[in-house]
Amino acid sequence: EIAEVMKLSKPRISQIHANAIRKLRIYMEKITQWREYIMFQGFYNLASGMITQNRNLDVVSNNITNSLTPGYKKDTMTSSTFQEEMISRTGNLDKSSPQTLNNIAMIRTATGVVTDYSQGQLEETGNPLDMALTSDGFFQIQTQNGYVYTRNGSFIIDDEGYLALQSVGRVM
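The following paragraphs examine the structure supplied in this document. Please read these numbers as outputs of a predicted model, since none were measured by experiment. (Residues numbered from 1 in each chain as written. Predicted model: local features only at pLDDT ≥ 70, side-chain atom pairs only at ≥ 80, totals over all residues. Heavy atoms only, no water.)

## Brief notes about the overall build of the protein
When you go through the protein residue by residue, the secondary structure sums to 2 helices and 7 strands. Each helix and strand of the protein, ordered N terminal to C terminal, gives the series α-α-β-β-β-β-β-β-β. Split into buried and exposed, the 172 residues of the protein put 14% on the buried side. Long-range contacts, defined here as pairs at least 24 residues apart, represent 47% of the contacts in the protein between residues at least 6 apart. Of the roughly 13900 Å² of accessible surface on the protein, 55% is carried by carbon and sulfur atoms. (Helix = DSSP H or I, 4+ residues; strand = E, 2+ residues; numbered from the N terminus. Buried < 20%, exposed > 50% of the residue type's maximum accessible area, 1.4 Å probe, protein only. Contact = heavy atoms within 4.5 Å. Areas by Shrake-Rupley, 256 points an atom, 1.4 Å probe, with all protein chains shown as cover.)

## A few points about the sheet that holds strand β4 (residues 146-150)
Across the sheet, which stays open at both edges, the 5 strands sit in the order β4-β3-β7-β6-β5 with antiparallel pairing between neighbours. Each of the sheet's edge strands pairs with one partner strand only, and the pair in question is β4 and β5 (155-157). Going from strand to strand, the sheet's axes swing by 40° on average, the running direction of each strand aside. Summarising the sheet, strand β6 (residues 163-165) and strand β7 (residues 169-171) pair through 2 bridges and their orientation is antiparallel. Opposite A164, over in β7, you have R170 as the bridge partner. (Pairing = 2+ DSSP bridges. Axes fitted to C-alpha atoms, helices over the stretch in contact; angles between N-to-C directions.)

## Points about the packing of aromatic side chains
By the definition in use, this model includes 2 aromatic pairs. Ring geometry for Y117 versus F138: centroids 5.9 Å apart, planes at 90°, classification edge-to-face. Remark: F138 occurs in the loop between β2 (99-115) and β3 (139-143) and Y117 occurs in the loop between β2 and β3; sequence separation between them is 21 residues. Its relative accessible area of 48% is what places Y117 among the partly exposed residues. (Phe/Tyr/Trp six-rings, centres within 6.5 Å; stacked < 30°, edge-to-face > 60°.)

## What about the pattern of salt bridges?
Counting across every chain of the model gives 2 salt bridges. In this structure, R170 and D158 form a salt bridge, with 2.9 Å as the shortest nitrogen-oxygen distance. Separated by 12 residues along the polypeptide, R170 in strand β7 and D158 in the loop between β5 and β6 bring together distant segments of the chain. Note that R170 is salt-bridged to E160, the shortest N-O span being 2.6 Å. Of the two residues, R170 is situated in strand β7 and E160 in the loop between β5 and β6; the sequence distance between them amounts to 10 residues. Note on R170: relative accessible area 26%, which makes it partly exposed. (Salt bridge = Lys/Arg side-chain N within 4 Å of Asp/Glu carboxyl O.)

Encoded structure:
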């Protein structure tokens with residue numbers, strides 16, 4: 001019936017039908033590949049988000065653990081996108097001038113930890129050896145392995161009469 005309506009021979013109809021089936025199979029393969037890409041991209045997004053949040057949780061828990069440590073300075077984790085993709089729209093026939101719709105970030109990653117060196121609250125301790133820094137800088141402490149720097153000013157007098165940071169070393 002189709003051959004009569006379209007005024008085509010039966011072999012020509014079979015050829016058109018075969019081409020259509022071939023194109024449909026190619027299209028279906030592309031859809032399957034795209035679905036796999038989308039599925040794996042989702043796993044990458046999920047995994048990168050979990051890793052980034054785990055690192056952030058480490059930084060936050062370290063801040064909480066050290067919140068009562070004299071001279072401790074808060075850390076903040078920074079993160080950024082690892083991969084950005086631009087979404088654009090083009091016409092069916094004229095693809096020469098795509099229109100940008102949006103940028104999407106696919107994968108987040110931790111880029112570093114930043115320490116906040118701003119001045120904290122000063123507390124009166126009643127210990128005459130306790131000191132606090134009200135400007136930039138650190139106390140230099142001599143240890144067995146060299147010098148370390150700290151803002152912890154909870155000092156003591158050691159056995160030899162030197163000003164020291166308990167269990168660390170002498171103040172320079």
